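Listed below, chain by chain, are the residues.
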Amino acid sequence: MLAIEGLTVRYGKGTAPALRELSLSVAAGERVALVGPSGSGKTTLFRAISGFVPAEAGRIVIAGTEIGRARGRRLRAMRRGIGVIAQQHDLVDRMRVYQNVMAGALGRWSTLHALRFLLWPRHVELEEARSALERVGVAEKLRARTGELSGGQQQRVAIARALVQQPVVMLADEPIASLDPDLSQHILSLLCRVAGEARITLLCSLHQHDLAERYFDRIVRLQDGVISERESRVSQLGAVS
Ligand code: ADP
């Protein structure tokens, strides 16, 4: 599903590369934890996969399409296929939860459709939001103001928004960085479960090796822009075939 071959990324001429000839293949539905110290290149890898930083060398192929070569409609379709869950969720606090969740549908809606939704959401759209929220356990918050939710609930809403996008790949950059340890486990377990159910390929950066071992199918360790270690395992959540 995701194939990265010899990827080198550099932020400026004459600077050391942030990623150096990195190669990684991730199967459909596989859940991979990226661990490594600060500055090892995890965020850069996510940016490169999302197409926000160009590759100096190498290539990234998602579901058969090479990033960097896609243009126009194809590029938009490709971006739509990548769901991103940020460290500090990037929801709009003053909006209702369903509005934030359905932001995940913007890639398949016209501007007019999006404006109409903000003013007069249709029953079918609210049901889609409710169904995504059900999958992450906060359906009762459908109409709540997003800013009134706890940190853990907001991270669940961010996962629901990514699900509405119907992605083939989900990138979670330190999704539990601002949560306490108990909540962190719940959110990681949820993220891995929903990705597994929908056979979404999940790449998630983490600091905690113990949590990576508990919830993911595979652990990849980054150090100075290269993969220093690959571990294969079957997580407690069950094998992904
Ligand atoms: P991580 O996510 O593992 O903490 P990053 O991908 O953020 O690592 O950083 C990898 C390297 O790239 C670091 O040396 C960092 O200083 C550098 N870097 C990251 N972002 C930028 C940027 N926008 N401009 C210049 N250098 C950057």
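Each remark here, short or long, concerns the structure printed above.
From a predicted model like this one, the values you see are computed outputs, not experimental measurements.

Q: Before we go on, may I ask you to explain the overall build of the chain in this structure?
A: When its secondary structure is counted, the chain shows 8 helices and 10 strands. Its C-alpha atoms give the chain a radius of gyration of 18 Å, near enough to 18 Å, the size a compact globule of 241 residues would have. Principal-axis analysis of the C-alpha atoms places the extent of the chain at approximately 50 × 40 × 35 Å. For the chain, with 241 residues in total, the buried portion stands at 48%.

Q: I would appreciate a short explanation of the nonpolar core in the present structure.
A: Looking at soluble globular proteins, one finds that nonpolar side chains tend to be buried together. With 48 residues, the main nonpolar core has Val101, Leu133, Ile159, Leu202, Leu206 and Phe216 as its most contacted residues. When sequence neighbours within four positions are dropped, the list of residues in contact with Ile159 reads Ile85, Val136, Ile187, Leu190, Leu191 and Val194. Listed in part, the 27 residues of the second largest apolar core include Val26, Phe46, Ile60 and Val169.

Q: It is not clear to me how the site of the ligand should be interpreted in this structure. Could you clarify?
A: Close to the ligand lie Tyr11, Ala18, Pro37, Ser38, Gly39, Ser40, Gly41, Lys42, Thr43, Thr44 and Arg47. Taking Gly39, its main chain carries an N or O atom lying 2.7 Å from an oxygen atom of the ligand. Within the backbone of Gly41, one N or O atom sits 3.0 Å away from an oxygen atom of the ligand. When isolated, the ligand has an accessible area of 560 Å², and the protein chains bury 56% of it. Class assignment of the residues belonging to the shell around the ligand gives a composition of 3 nonpolar, 6 polar and 2 charged.

Q: Just checking my understanding: could you explain a nonpolar patch on the surface for this structure?
A: Judged by side-chain polarity, Leu112, Leu115, Leu118, Leu119 and Trp120 come together as a nonpolar surface patch covering roughly 590 Å² of accessible area. Turning to its location among the elements, Trp120 is positioned in the loop between helix 4 (111-119) and helix 5 (123-135).

Q: Quick question: what am I supposed to make of unusual backbone geometry here?
A: As a rule of thumb, non-glycine residues mostly have phi less than zero, and peptide bonds are mostly trans rather than cis. A positive phi is found at Arg199, a non-glycine position, where the angle reads about 50°. Its place among the elements puts Arg199 in the loop between helix 7 (181-197) and strand 8 (201-206). What makes Arg199 partly exposed here is its relative accessible area of 43%. Phi at Asp224 takes a positive value of approximately 50°, unusual for a residue other than glycine. Inspection of the secondary structure assignment puts Asp224 in the loop between strand 9 (218-223) and strand 10 (226-232). On the accessibility criterion, Asp224 (48% relative accessible area) is partly exposed.

Q: Before we go on, may I ask you to explain the pattern of salt bridges in this structure?
A: It is possible for side chains bearing opposite charge to pair when their charged atoms get close. Summed over all chains, the structure comprises 11 salt bridges. The shortest N-O distance in the salt bridge between Glu127 and Arg130 comes to 3.1 Å. Of this pair, Glu127 and Arg130 both sit in helix 5, 3 residues apart, which is roughly one turn of that helix. When salt bridges with common partners are traced through the structure, they connect Glu5, Arg59, Glu66 and Arg69 into a single cluster.

Q: Before we go on, may I ask you to explain the sheet that holds strand 5 (residues 65-66) in this structure?
A: Picture the strands of a sheet paired through backbone hydrogen bonds; they go either parallel or antiparallel. Strand order in the open sheet formed by 4 strands is 2-1-4-5, and the pairing between neighbours is antiparallel. On the outer flanks of this sheet lie strand 2 (19-26) and strand 5, each paired with one strand and no other. Two strands pair when backbone bridges link them, and strand 1 (residues 2-9) and strand 4 (residues 57-62) are joined in this way by 5 bridges, in the antiparallel orientation. When the sheet's bridge partners are listed, Thr8 is paired in strand 4 with Ala57. Each of strand 1, strand 2 and strand 4 is contacted by helix 1 (residues 42-50), which is oriented at about 115° to strand 1, the strand it contacts most.

Q: For this particular structure, what's the right way to read the packing of helix 6 (residues 151-164) against helix 7?
A: Two quantities define a packed helix pair, namely the angle between the helix axes and the distance between the axes. The geometry of helix 6 relative to helix 7 is characterised by a closest axis approach of 10 Å and an angle of 10° between their N-to-C directions. As the angle between them shows, helix 6 and helix 7 are arranged roughly parallel. Contacts between helix 6 and helix 7 involve Gly152, Gln155, Arg156, Ile159 and Leu163 from the former and Leu183, His186, Ile187, Leu190, Leu191 and Val194 from the latter. The residue inventory of the contact of helix 6 with helix 7, partitioned by class, reads 7 nonpolar, 3 polar and 1 charged.

About the criteria used
- Residues numbered from 1 in each chain as written.
- Predicted model: local features only at pLDDT ≥ 70, side-chain atom pairs only at ≥ 80, totals over all residues.
- Heavy atoms only, no water.
- Helix = DSSP H or I, 4+ residues; strand = E, 2+ residues; numbered from the N terminus.
- Rg over C-alpha atoms; globule rule 2.2 N^0.38 Å.
- Buried < 20%, exposed > 50% of the residue type's maximum accessible area, 1.4 Å probe, protein only.
- Core = buried A, V, L, I, M, F, W, Y, C linked by side-chain atoms within 4.5 Å.
- Contact = heavy atoms within 4.5 Å.
- Near = heavy atom within 4 Å.
- Polar contact = N/O pair within 3.5 Å; in protein donor to acceptor, adjacent residues only side chain to side chain.
- Areas by Shrake-Rupley, 256 points an atom, 1.4 Å probe, with all protein chains shown as cover.
- Nonpolar A, V, L, I, M, F, W, Y, C, P; charged D, E, K, R; others polar.
- Patch = residues over 30% accessible without salt bridge, like charges linked within 9 Å, V, L, I, M, F, W, Y side chains within 5 Å.
- Salt bridge = Lys/Arg side-chain N within 4 Å of Asp/Glu carboxyl O.
- Pairing = 2+ DSSP bridges.
- Axes fitted to C-alpha atoms, helices over the stretch in contact; angles between N-to-C directions.
- Parallel < 35°, antiparallel > 145°, perpendicular 65-115°, else oblique.

Geometry only, nothing functional implied.
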